[in-house]
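Here are the chains, one letter per residue:
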Amino acid sequence: MTRFKERVPEGTYIELVSSLFTSLVPSIIMTASFAGIGLLVANLTPDGPLLLFIIGGAIMTIARFALLIAYRERATGDALCLADARRFERHFAVPCLGFALMLGAYGARAFAIAAPQDHMLIVGLLFGYEAGVAAGLALRPWISIPSMIIGVAPTILVAWTYPDATHRAAGSLLAVFLASGIESMLVRYRLTARNVTMRQVHATLARFDPLTHLPNRLALRERFADSVAQGAAPEAIAVHCLDLDRFKPVNDRYGHPVGDALLRAVAERLQGVLRPRDFAARIGGDEFVVVQAGITHAGEAEMLARRISRAIAQPYRIEGQEIVIGTSIGYAVSAAGDADLDRLIAQADGALYEAKRRGRGGVADPTTGTTDGRASA
């Protein structure tokens, strides 16, 4: 069953694990049914093992509720990571499989020693359990399928040991519903996983530039908000606006395929000079924005702008042609704890205009309006 963990992309897997923690209703219904029917049959047929199995099932149920309460907020939040999803799923599986073990042992024992008229209650309980597992655990087959088999199969085997046709028919009916339940869960799992994957692919495509694979305008806002949320109190954020110099002549002389390849190469160089917390976005034809997070003084923004300018100014070799371009950069630095993307972009755009007015290849900030001179030939 572990193969089901590896068949889906990471984002799909995380969402499927999150589904385990979205509802308490099936667990509540199954717990009440097991406790009520279990105690009733145990009262009609006093037996020490039956009582132990009921107590064991109650303990597993309490453990499952405790995990749901402890993990639910994090498991259903947007920040759930792969490592936490795997850990939450493993922890969740323990009481689920433990309860199935107690139910299977209880059902087999009760079916073996209880009066025939009580067998109807046990069969009803097992049917309800199958329905509950299908409703709450179907999206994690490596948990749901073993749970159903462990919980129901022992009673089926005991029913088949009876010599009369009625008990054997009851066991066969349980077996048929067990098999059909497993098949239905697999179909639901595959369909849901495929739909979740397609939805996430479409969402990703909507947030990334198809040419450079950098974030687009929409993703720029989302990732900027994440950077602000993750930053420490004294930290500031810088926004750099970039325009490529002499890019249009490249397109005119060599054609758009070379221009596209050049944009991809520029994107790679941008990513090569950025730290893990920083990111670049393409917002127009040859326009890029770089967000520099976690800085403590404006000098860090100027140093990054200079590194970007030098990196982009290095010659490119594309389709046998050596191409040299430059970039003009304007940047703005937020006050600590006061980061507004629109305001920072407006200030950086103003500084970029000043850098272009002073000469191509310039770097400017909005506070001084000064440039560092030409950074490319």
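Note: the structure precedes this text.
Residues numbered from 1 in each chain as written. Predicted model: local features only at pLDDT ≥ 70, side-chain atom pairs only at ≥ 80, totals over all residues. Heavy atoms only, no water.

J.: Got a sec to walk through the nonpolar core? Specific residues and values, please.
T.: If you look at the biggest cluster of nonpolar residues, it comprises 58 residues, and the most contacted ones within it are Phe21, Phe34, Phe92, Tyr106, Tyr129 and Ile143. Of all elements in the fold, only α1 (10-18), α2 (25-44), α3 (48-75), α4 (82-113), α5 (119-136), α6 (141-160) and α7 (165-205) reach the threshold of two or more residues within this core. Discounting residues that sit within four places of it in the chain, phenylalanine 34 has contacts with Leu39, Phe53, Ile54, Gly57, Phe99, Leu103, Tyr106 and Leu125. Listed in part, the 32 residues of the second largest apolar core include Val258, Ala280, Ile295 and Ala301. (Core = buried A, V, L, I, M, F, W, Y, C linked by side-chain atoms within 4.5 Å. Buried < 20%, exposed > 50% of the residue type's maximum accessible area, 1.4 Å probe, protein only. Helix = DSSP H or I, 4+ residues; strand = E, 2+ residues; numbered from the N terminus. Contact = heavy atoms within 4.5 Å.)

J.: With reference to specific residues and values, describe the side chain of glutamine 292.
T.: With respect to the helices and strands, the residue glutamine 292 is situated in strand β3 (residues 287-295). Classification of glutamine 292 by relative accessible area gives buried; the value is 3%. One polar contact links the side chain of glutamine 292 to the main-chain carbonyl oxygen of glutamate 300, over a distance of 3.2 Å. Ignoring anything within four residues of it in the chain, the contact list for glutamine 292 reads Ala236, Ile237, Ala238, His240, Arg275, Asp278, Glu300, Ala301 and Leu304. (Polar contact = N/O pair within 3.5 Å; in protein donor to acceptor, adjacent residues only side chain to side chain.)

J.: Report on the packing of helix α8 (residues 217-230) against helix α12 (residues 341-358), specifying residues and quantitative values.
T.: Relative to each other, α8 and α12 sit at 110°, their axes nearing to 11 Å. What the angle tells us is that α8 and α12 run roughly perpendicular. Counting all contacts with α8, which are made through Leu220, Arg221 and Phe224, the residues of α12 involved are Leu341, Asp342, Leu344 and Ile345. Among the residues forming the contact of α8 with α12, the class breakdown is five nonpolar, no polar and two charged. (Axes fitted to C-alpha atoms, helices over the stretch in contact; angles between N-to-C directions. Parallel < 35°, antiparallel > 145°, perpendicular 65-115°, else oblique. Nonpolar A, V, L, I, M, F, W, Y, C, P; charged D, E, K, R; others polar.)

J.: Can you explain the packing of aromatic side chains? Please cite residues and give values.
T.: On inspection of all chains with the given rule, the structure shows nine aromatic pairs. Taking the centre distance of 6.0 Å and the plane angle of 40° together, the rings of phenylalanine 99 and tyrosine 129 count as tilted. Here phenylalanine 99 is found in helix α4, whereas its partner tyrosine 129 is found in helix α5, with 30 residues between them in sequence. Among the residues examined, tyrosine 129 registers a relative accessible area of 5% and is labelled buried. One aromatic cluster is present, formed by Phe21, Tyr71, Phe88 and Phe92 through successive ring pairs. Against the face of phenylalanine 279 rests arginine 223, its NZ or CZ located 4.5 Å from the ring centre. Here the guanidinium or amino end of arginine 269 rests over the ring plane of tyrosine 316, the centre of that ring lying 3.6 Å away. (Phe/Tyr/Trp six-rings, centres within 6.5 Å; stacked < 30°, edge-to-face > 60°. Lys NZ or Arg CZ within 6 Å of the ring centre and 35° of its normal.)

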